[in-house]
Amino acid sequence: MDLVKHIEASQVRTDLPEFGSGDNVSVHYKIKEGNKERIQVFQGTVLQRRNSGLDETFTVRKMSSGVGVERIFPLNSPNIDKVVVNRRGKVRRARVFYLRERTGKSARIKEKR
């Protein structure tokens, strides 16, 4: 079991910044279309980070023309070019699913000082 953890630890990405739920992030994601590759930016609020090690994922939610769009990214995916933390959010829980029911001013998150 220690061997598995050791191999897994050597493959986990360390180039991504520290971020957690409530933070506003921009995820630069590589998209392949045919033989071309481009980078698409998905900007929104992190709802959760789940699991650990190689299978860690994080969920980002944004509002797109009045419709909520959520996307789940594997943290160690080679398709993630970079993650930029725009704002640090001050939340008191690890999963902020209550944002799904809220719109407008009630959906705001205070900034961490």
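Not measured: the values here are computed from a predicted model.

Residues and numbers for the nonpolar core, please.
The nonpolar side chains of a soluble globular protein tend to be buried, and buried together. Counting residues in hydrophobic clusters, the biggest one holds 14 residues, and the most contacted among them are Val27, Phe58, Val60, Phe73, Ile80 and Val83. Elements that contribute at least two residues to this core include exactly strand S1 (24-33), strand S2 (36-50), strand S3 (57-64) and strand S5 (80-87). Considering each element in turn, this core owes the most residues, four residues, to S1. The contact partners of Ile80, leaving out residues within four places of it in the chain, are Arg13, Leu16, Val27, His28, Tyr29, Phe58, Phe73, Pro74 and Leu75.

Just give me the short version of a positive patch on the surface, but keep the residues and values in it.
There is a patch of like positive charges on the surface, built from Lys90, Arg92, Arg93 and Lys110. Among the secondary structure elements, Lys110 is positioned in the segment after S5.

Explain the sheet that holds S5 residue by residue, including any values.
Strand order in this open sheet of five strands is S4-S3-S2-S1-S5, and the pairing throughout is antiparallel. With partners counted over all chains shown, the strands left at the sheet margins are strand S4 (67-74) and S5, one partner each. Going from strand to strand, the sheet's axes swing by 40° on average, the running direction of each strand aside. Bridge analysis of S1 against S5 gives six bridges, and the strand direction is antiparallel. Note that in S5 the partner of Val25 across the bridge is Val85.

Rules and cut-offs
Residues numbered from 1 in each chain as written. Predicted model: local features only at pLDDT ≥ 70, side-chain atom pairs only at ≥ 80, totals over all residues. Heavy atoms only, no water. Core = buried A, V, L, I, M, F, W, Y, C linked by side-chain atoms within 4.5 Å. Buried < 20%, exposed > 50% of the residue type's maximum accessible area, 1.4 Å probe, protein only. Helix = DSSP H or I, 4+ residues; strand = E, 2+ residues; numbered from the N terminus. Contact = heavy atoms within 4.5 Å. Patch = residues over 30% accessible without salt bridge, like charges linked within 9 Å, V, L, I, M, F, W, Y side chains within 5 Å. Areas by Shrake-Rupley, 256 points an atom, 1.4 Å probe, with all protein chains shown as cover. Salt bridge = Lys/Arg side-chain N within 4 Å of Asp/Glu carboxyl O. Lys, Arg positive; Asp, Glu negative; His and termini not counted. Charge placed at Lys NZ, Arg CZ, Asp CG, Glu CD. Pairing = 2+ DSSP bridges. Axes fitted to C-alpha atoms, helices over the stretch in contact; angles between N-to-C directions.

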